[in-house]
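One letter stands for each residue in the lines below.
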Amino acid sequence: MQKKLFIGIGGGTASGKSAIAKYLLNYFGKDNCAIIKVDSYYHDLKHMPMEEREKQNFDNPNAIDFNSLIKDINLLAKNKMIHVPVYDYKTHTRTNSFEKIESQEIIIIEGLFSLYNDIIKSYLNVKIFVDTLESTRLERRIKRDLQKRERTHDSILKQFNTMVIPMHNKYVEPTKLYADLIIEKGVKNTVAINELIYKITYVRNNLNI
């Protein structure tokens, strides 16, 4: 069975996790690398009225269907293709579509809780925490949610202050302790990115991938 190199990229909301994941994808190539977003595994809330869905705390790890995520990671480890759910953030439901992900040599697990679950951590060869100032993350979150998720400015601020910050401090920030590398300022930190590339290449060579 072909060996796999699993990379976990965790950190706060809008910290720059996706940008680093995309950088690695471009660097190692789509034929060698694949990205799994933890956000794709939010629980499907179709059974709830829209008013109730909007009250849910999506920054709590309980919002994630870890069982399905772990099942798919296990399939990738066995060199099998998976079908990742496509989540609709506007309606808080899973669509009827799936994204086919081939089991590449390098698998990136990216999201708030990439370094949270013990079973997922057991798969990870390289663990990264993206550490970005809260003010910067809020600015990015406002821009993203206004443009892509049709939220109002007031609702974004309310959610950030009542849910995002408390959940970050309780669940996300502590996962920094598990990181092999902490990257400040995201993908623009070229020194840290070069160090990350070196570390991945070193681990990859030792695994004889």
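Scroll up to find the structure this text is about.
Below you will find a few notes about this structure. Because the structure is a prediction, the values reported are computed rather than measured. (Residues numbered from 1 in each chain as written. Predicted model: local features only at pLDDT ≥ 70, side-chain atom pairs only at ≥ 80, totals over all residues. Heavy atoms only, no water.)

**Describing the overall build of the protein**
When you go through the protein residue by residue, the secondary structure sums to 7 helices and 7 strands. Listing every helix and strand of the protein by position from the N terminus yields β-α-β-α-α-β-β-β-α-β-α-α-β-α. With the C-alpha coordinates of the protein rotated into their principal frame, the extents come out at 50 × 35 × 30 Å. For the protein, buried positions account for 48% of its 209 residues. If you take every contact in the protein between residues at least 6 apart in sequence, the share linking residues at least 24 apart comes to 74%. When the accessible area of the protein is evaluated, it comes to approximately 11100 Å², of which 49% is carbon and sulfur surface. In the protein, 32 side chains carry a positive charge and 25 a negative one; their mean positions are 3 Å apart. (Helix = DSSP H or I, 4+ residues; strand = E, 2+ residues; numbered from the N terminus. Buried < 20%, exposed > 50% of the residue type's maximum accessible area, 1.4 Å probe, protein only. Contact = heavy atoms within 4.5 Å. Areas by Shrake-Rupley, 256 points an atom, 1.4 Å probe, with all protein chains shown as cover. Lys, Arg positive; Asp, Glu negative; His and termini not counted. Charge placed at Lys NZ, Arg CZ, Asp CG, Glu CD.)

**Some details on a nonpolar patch on the surface**
On the surface, a cluster of nonpolar side chains totalling about 270 Å² of accessible area is made up of Tyr23, Tyr27 and Val187. Checked against the element boundaries, Tyr27 lands in helix α1 (residues 17–28). (Patch = residues over 30% accessible without salt bridge, like charges linked within 9 Å, V, L, I, M, F, W, Y side chains within 5 Å. Salt bridge = Lys/Arg side-chain N within 4 Å of Asp/Glu carboxyl O.)

**Overview of unusual backbone geometry**
A positive phi angle, near 60 degrees, is found at His92, a position not held by glycine. The topology assignment puts His92 in the loop between β3 (82–88) and β4 (93–101). In this structure, Lys185 takes a positive phi of about 70 degrees despite not being glycine. A relative accessible area of 66% means that Lys185 is categorised as exposed.

**Comments concerning the pattern of salt bridges**
Oppositely charged side chains can form a pair if their charged atoms are brought close together. Across all of its chains, the model carries 12 salt bridges by this definition. We note a salt bridge from Asp59 to Arg141, for which the minimum N-O separation is 3.6 Å. On the criterion of sequence distance, the pair formed by Asp59 in the loop between α2 (50–53) and α3 (66–77) and Arg141 in helix α5 (residues 134–148) is long-range, its members being 82 residues apart. Residue Arg141 is classed as buried on the basis of its relative accessible area, which comes to 6%. Residues Arg141 and Asp145 are paired through a salt bridge, measuring 3.5 Å at the closest nitrogen-oxygen approach. Within this pair, Arg141 and its partner Asp145 are both found in helix α5, separated by 4 residues, close to a single helical turn. Each of Asp59, Arg141, Arg144 and Asp145 takes part in a single network of salt bridges with overlapping partners.

**Things to note about the packing of α5 against helix α6 (residues 153–172)**
Put simply, α5 and α6 touch, their axes get as near as 10 Å, and they point 135 degrees apart. With respect to each other, α5 and α6 are oriented oblique. Every pair of crossing elements has a handedness; the one defined by α5 and α6 is right-handed. When α5 is examined against α6, the residues Glu134, Arg137, Leu138, Arg141, Ile142, Asp145 and Leu146 are found in contact with a partner set consisting of His153, Ile156, Leu157, Gln159, Phe160, Val164, Ile165 and His168. Partitioned by chemical class, the residues of the contact of α5 with α6 number 8 nonpolar, 3 polar and 4 charged. (Axes fitted to C-alpha atoms, helices over the stretch in contact; angles between N-to-C directions. Parallel < 35°, antiparallel > 145°, perpendicular 65-115°, else oblique. Left-handed = near helix turned anticlockwise from the far one by under 90°. Nonpolar A, V, L, I, M, F, W, Y, C, P; charged D, E, K, R; others polar.)

**Digging into the sheet that holds strand β1 (residues 5–11)**
Judged by pairing direction, the sheet is parallel, and its 5 strands sit side by side in the order β2-β5-β1-β6-β7 without closing on themselves. Looking along the sheet, the strands with just one partner apiece sit at the ends: β2 (33–37) and β7 (181–184). Averaged over all pairs of adjacent strands, the angle between strand axes in this sheet comes to 20 degrees, irrespective of strand direction. Sheet analysis places β2 next to strand β5 (residues 106–110), joined by 5 bridges and oriented parallel. Pairing of Ile36 across the sheet is with Ile109, part of β5. Contacting β1, β5, β6 (126–131) and β7, helix α7 (residues 190–206) crosses the sheet at an angle of about 155 degrees to β7. (Pairing = 2+ DSSP bridges.)

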